[in-house]
Amino acid sequence: RNSTRARRAMSVAHSSAMSALAAPRYHASRTRRVSRPRVACASSSSASNADDVAQTPKAAVTSRRAALARAVALGAILRADDARAIGFQKELKKRGPMSDDAYARTAEFEFRGERHEGVKYVEISEGKGKPLEVGALATLHFECKYRGLTVLSTREARTLGGNRTISEPFQFKYGTLPNEFTKAAKRKNIIGIGAEVRIDPELQELYVVKCVFNGPADRAGIKPNDVVVSIDGVGDLVNKPIQEIGALLVGDVDTEVELKIKKGGSRAGADAPIETYKLKREVTAVAAPKREIQVDGGGGLFTGGSGPKPPPLVYVPEALAGMNVGGRRSFKCPADVGYEDVGEGEIPPGADFVFEVELLDAVLK
């Protein structure tokens, strides 16, 4: 019995001792939890005691906010020319047109039966792939930019539903200039003012379809969609046969014809001005109707036949000489190797433009 009582007494003493050891840790943790807001909200009377207490997370956040506020205030008073992002010292380069010194010139070449001095170009990026060789089937993307805007691009060759577009790379056999560009362009000489007109049956107007580049109408400032109100005093033109209208426009060389033109027609509104033009008839060279250029292509999806029409410069071997697959080259394309006196889309006749090429593949067969 005595031994049993002794064991029980030792067990109770052990339990009491363990409880005594655990109690201070429990109360201390409670004290620490309660003491945190007291430190943050300490009054002036307890300021001396707060110095001995470690800074709490809330106080640290307050200090960081104060430091950030001081940094913002400091940045606000900096002069505009001295202001810089903290830790960012790199100056951004201004983008702009390249200087003429950056451009090289291609070798001279034959075009339309005459010697051409070459075209200025610059390498945008040099390709790392295989070189373009004579006789290879070249696959490329091209873009034509006029006045800073991309007006023709194989990257947006076809329009699908929902305003979606897909690309259609252009393919041709590199190294040989097509026969069409080895001889002078075919032109038909006519006597007149150098303007094509047509009757709009819906709007009941005789409007200008196009003007021959550098012809009498073009030099006078007559534009497509202008409406011809009268010719030499003859009005009501929409009710006359087109042959009779043509007879009024043509005549002997150096004879005058007077036209009254409504600028922009009814599309420009009821208040569109009507101007009078006195033009001299002369011999003008009219381009032949456009036809497909016969080149050797790969067939299938990537022939580019239904995509935008490339300028003749793309077929000139000297223009793409030295390119590698993956390379990009930009040309200052003059009108004589561009779209000439015909124009294409938003590129008017006789206009220079920027022509960019990216070589996607070159397969030698």
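So, how was this worked out
- Residues numbered from 1 in each chain as written.
- Predicted model: local features only at pLDDT ≥ 70, side-chain atom pairs only at ≥ 80, totals over all residues.
- Heavy atoms only, no water.
- Phe/Tyr/Trp six-rings, centres within 6.5 Å; stacked < 30°, edge-to-face > 60°.
- Helix = DSSP H or I, 4+ residues; strand = E, 2+ residues; numbered from the N terminus.
- Buried < 20%, exposed > 50% of the residue type's maximum accessible area, 1.4 Å probe, protein only.
- 1 Å grid on protein atoms, 1.4 Å probe; cavity = no way out; pocket = protein on both sides within 12 Å on 5 of 7 lines; lining within 4 Å.
- Points joined across faces, edges and corners; volume = space filled by probe spheres on them.
- Nonpolar A, V, L, I, M, F, W, Y, C, P; charged D, E, K, R; others polar.
- Contact = heavy atoms within 4.5 Å.
- Salt bridge = Lys/Arg side-chain N within 4 Å of Asp/Glu carboxyl O.

Applying the stated rule across the entire model yields 10 aromatic pairs. Ring geometry for Phe111 against Phe181: centres 5.7 Å apart, planes inclined by 15°, an arrangement best described as stacked. A residue pair is termed long-range when its members are at least 10 positions apart, and Phe111 in strand S2 (residues 109-111) and Phe181 in the loop between strand S9 (170-173) and strand S10 (187-192) qualify at 70 residues. The two residues Phe111 and Phe181 agree in class, both being buried. Relative to Tyr315, the ring of Phe172 lies with its centre 5.7 Å away and its plane at 85°, an arrangement referred to as edge-to-face. Of this pair, Phe172 sits in strand S9 while Tyr315 sits in the loop between strand S16 (282-287) and helix H6 (317-320); the two residues are 143 residues apart in sequence, bridging distant segments of the chain.

By volume, the largest pocket is sized at about 970 Å³. Gly194, Glu196, Lys210, Cys211 and Val212 are the residues nearest the centre of the largest pocket, which is lined by 36 residues in total. For the lining of the largest pocket, the leading source of residues is S10, giving 4 residues. The residue makeup of the lining of the largest pocket, split by class, is 22 nonpolar, 5 polar and 9 charged.

Another aspect to go through is unusual backbone geometry. A negative phi holds for most residues other than glycine; trans holds for most peptide bonds. Of note, the phi angle at Arg112 is positive, near 55°, even though the residue is not glycine. Along the chain, the position of Arg112 falls in the loop between S2 and strand S3 (114-116). Despite not being glycine, Asp232 has its phi angle at roughly 50°, a positive value. Within the fold, Asp232 resides in the loop between strand S13 (227-231) and helix H5 (242-249).

Within the element layout of this structure, Gly135 appears in the loop between strand S4 (120-125) and strand S5 (136-146). In this structure, Gly135 is in contact with Lys173, Tyr174 and Leu364, ignoring residues within four places of it in sequence.

As a further point, take the pattern of salt bridges. Inspection of the entire model under this criterion finds 14 salt bridges. With a closest N to O distance of 2.9 Å, Glu340 and Arg112 form a salt bridge. Placement of Glu340 in the loop between strand S17 (328-333) and strand S18 (353-364) and of Arg112 in the loop between S2 and S3 is noted, with a sequence separation of 228 residues between them. The salt bridge partner of Glu356 is Arg328, with a shortest N-O separation of 3.4 Å. In this pair, Glu356 is assigned in strand S18 and Arg328 in strand S17, connecting sequence segments 28 residues apart. Judged by its relative accessible area of 13%, Glu356 is buried. Owing to a relative accessible area of 30%, Arg328 belongs among the partly exposed residues under this scheme. Connected through salt bridges with shared partners, the residues Glu108, Glu110 and Arg115 form a single ionic network.

Worth remembering: the numbers are spatial, not functional.
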